[in-house]
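Structural characterization, general
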Amino acid sequence: MNLNYEQVMVMGSGSLASNCILHLLQMHITIPMTIYETNITNISTLESLAASNGIKYIDVPKEEIFLDLAAIRKSTLIFVIGCYYIIPAEVIGNRCLSIINYHNSLLPKHPGRNAEAWAIYEQDSTTGITWHYVDERIDAGEIIIQREIQLDDSFSSLSLLRLQNQIAFDTFKLIINDLLIGGISSYKQNEELRGKLHLSKDIPNGGFLEISWDIHKIKAFLRAMDYGALRRMGQPKVIINNVKHTWDKTVFLNQGKNRDELIVNEDENYLLISKDGESIKLIGLNQEME
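You'll find the protein chain entered in an unreviewed UniProt entry as phosphoribosylglycinamide formyltransferase 1, with Paenibacillus thiaminolyticus given as the organism. UniProt annotates the protein chain under Pathway (unreviewed entry) with the comment "Purine metabolism; IMP biosynthesis via de novo pathway; N(2)-formyl-N(1)-(5-phospho-D-ribosyl)glycinamide from N(1)-(5-phospho-D-ribosyl)glycinamide (10-formyl THF route): step 1/1."

Below, the structure written as structure tokens:
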């Protein structure tokens, strides 16, 4: 394979980044590889992967990463995978770099953070994944490949995120050869369809369930906030009798009462919301202290 680059880098963290690096290793490419880890945990899979395969591994503050990247003078292919840094202009403007980002939505919809949650909360019928080039604006560069996912009520943010990671890896394997030899095409995003940029601080409805919503909106909110133990958007809340509450467990009941009803059971400590022939039970209410 005649490669179009002198080196390849992966900047990010997480299982998708690990899988993509493993695939690059299995390809036996002849150019050096470097890993910049951006979200360090107590046990780093990327660091262990690098150590066992002789890959250069760098764990430094983002300012040092950007200085390194801005100074590169070799043709370099960079994959940004599970990295939430905003890449500065001096890096993007380095003509030696081709920077490709993975994003978990069908851009230009839902740019920014936690796109899986916003797709569920806004009750989109479809979402998906995008590999795209990085330019001066967040998640706005030319698209290399996308794949669509049909959404239904079975998805939580956590389960959707897992499916997106799998599809992202499958598409990475499809495009990597052409990327390395510089023979892949891309196309501009449709600016007329560009959605609102979601920041890391943004949470659906500020994290509060509104009892006045219809049952479909309530279910969408609860599924959007559900990252399991990750609690990426914190714990959802509900206001009952002017007091904020969290809860321990959510149970969706497909069959509800024929009439709309709200029951606060203080003895068994749950809130039952019945609407549109369906019910949702919030179990283990906890009054939130100010």
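What follows is about the state of the cysteines. Counted according to the given criterion, the structure contains zero disulfides. No disulfide involves Cys20; its sulfur sits 14 Å from the nearest other cysteine sulfur, which is in Cys83.

Let us now look at the side chain of Gln189. Along the chain, Gln189 falls in the loop between helix H6 (157-181) and strand S8 (208-209). Reaching out from Gln189, the side chain makes a polar contact with the backbone oxygen of Ala140 at a distance of 3.5 Å. One polar contact links the side chain of Gln189 to the main-chain carbonyl oxygen of Gly141, over a distance of 2.8 Å. Discounting residues that sit within four places of it in the chain, Gln189 has contacts with Leu107, Pro108, Asp139, Ala140, Gly141, Ile143 and Arg194.

To continue, consider helix H7 (residues 215-224). Extensive coverage of H7 is indicated by the burial of nine of its ten residues. Along H7, the residues that are buried comprise Ile215, Lys217, Ile218, Lys219, Ala220, Phe221, Leu222, Arg223 and Ala224. Each element contacted by the buried residues of H7 is listed here: helix H5 (115-121), H6, S8, strand S11 (249-253), strand S13 (270-275) and strand S14 (278-283). Two or three places before His216, at the start of H7, stands the capping residue Asp214, its side-chain oxygen 3.0 Å from that residue's backbone nitrogen.

The rules we used
Residues numbered from 1 in each chain as written. Predicted model: local features only at pLDDT ≥ 70, side-chain atom pairs only at ≥ 80, totals over all residues. Heavy atoms only, no water. UniProt positions renumbered as here; feature names shortened; annotations may be inferred. Disulfide = S-S within 2.5 Å. Helix = DSSP H or I, 4+ residues; strand = E, 2+ residues; numbered from the N terminus. Polar contact = N/O pair within 3.5 Å; in protein donor to acceptor, adjacent residues only side chain to side chain. Contact = heavy atoms within 4.5 Å. Buried < 20%, exposed > 50% of the residue type's maximum accessible area, 1.4 Å probe, protein only.

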